[in-house]
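What the coordinates show
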Amino acid sequence: MISAGRRCTRVAASAGKDMLSPVEFGRRFGRSASWAKDLCRRGELPGAFRLPNKRWTIPEAAVAAYVASRQAPDVPIGTIRPRTTGSISDWRKLRPRSAA
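All values reported here derive from a predicted model rather than from experimental measurement.

1. Points about the packing of aromatic side chains
What the rule picks out here adds up to six aromatic pairs. Taking 5.0 Å as the distance between ring centres and 50° as the angle between the ring planes, the aromatic pair formed by Phe-25 and Phe-29 counts as tilted. By relative accessible area, Phe-29 is classed as partly exposed at 29%. A connected cluster of aromatic rings, assembled from ring pairs, spans Phe-25, Phe-29, Trp-35 and Tyr-66.

Written as structure tokens, this is what we have:
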């Protein structure tokens, strides 16, 4: 008889192209598996679920959803405040000089 954990593992393994492990997901972004697991725990990867053997499984669609959520929205030019053009030594004007 096959236990429920093994059955779920086999189902996830048979859908291997559609599902990723945290290690595979992390490699796509140049990050660690623990980073991917943290995203799963925080619910930032839609559709990610935990198998009975406590391993995370991430659907391929979550990759596209994660990338889309991280992209900057289209903002018309001129709506973002320009950076102040200052000198790198401007901080010295704010810092009091020590009396030595």
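Back to the write-up after that little detour.
2. Let's talk about the sheet that holds strand E2 (residues 49-50)
Pairing is antiparallel in the open sheet, where three strands are placed in the order E1-E3-E2. On the outer flanks of this sheet lie strand E1 (19-20) and E2, each paired with one strand and no other. Taken together, the two bridges between E1 and strand E3 (residues 56-59) define a ladder with antiparallel strand orientation. Bridge pairing in E3 places Met-19 opposite Pro-59.

3. Describing the nonpolar core
Listed in full, the twelve residues of the largest apolar core are Leu-20, Phe-25, Trp-35, Ala-36, Leu-39, Cys-40, Leu-45, Trp-56, Ile-58, Ala-62, Val-63 and Tyr-66. For this core, the secondary-structure elements that each account for two or more residues are helix H3 (33-42), E3 and helix H4 (60-70). With four residues, H3 is the largest single contributor of residues to this core.

4. Some points on unusual backbone geometry
Phi angles above zero are rare outside glycine, and Lys-54 is one such case at about 70°. Inspection of the secondary structure puts Lys-54 in the loop between E2 and E3. Judged by relative accessible area, which is 61%, Lys-54 ranks as exposed.

5. Quick word on the environment of Trp-56
With respect to the helices, strands and loops of the structure, Trp-56 is situated in strand E3. Separated by 34 residues in the primary sequence, Trp-56 and Pro-22 place their C-alpha atoms 6.6 Å from one another.

6. Digging into the pairing of E3
Taken residue by residue, a regular strand's side chains alternate between the two faces of the sheet. Burial of the side chains of E3 extends over both faces: Trp-56 and Ile-58 are buried on one face and Thr-57 and Pro-59 on the other. The pairing of E2 with E3 spans two bridges and is antiparallel. Bridge pairing links Phe-49 to Thr-57 in E3. Hairpin remark: E2 followed by E3, antiparallel, with five residues in the connecting loop; positive phi at Lys-54, about 70°.

7. A few points about H3
Buried within H3 we find Trp-35, Ala-36, Leu-39 and Cys-40. Axial view of H3: buried residues confined to an arc of 145°, hence all on one face. Of the exposed residues in H3, those oriented more than 90 degrees away from the buried face are Arg-41 and Arg-42. Gly-43 sits one or two positions beyond H3 and adopts a positive phi of about 80°.

Calculation notes
- Residues numbered from 1 in each chain as written.
- Predicted model: local features only at pLDDT ≥ 70, side-chain atom pairs only at ≥ 80, totals over all residues.
- Heavy atoms only, no water.
- Phe/Tyr/Trp six-rings, centres within 6.5 Å; stacked < 30°, edge-to-face > 60°.
- Buried < 20%, exposed > 50% of the residue type's maximum accessible area, 1.4 Å probe, protein only.
- Pairing = 2+ DSSP bridges.
- Helix = DSSP H or I, 4+ residues; strand = E, 2+ residues; numbered from the N terminus.
- Core = buried A, V, L, I, M, F, W, Y, C linked by side-chain atoms within 4.5 Å.
- Arc of directions from axis to C-beta.

These values are about where atoms sit, not about what they do.
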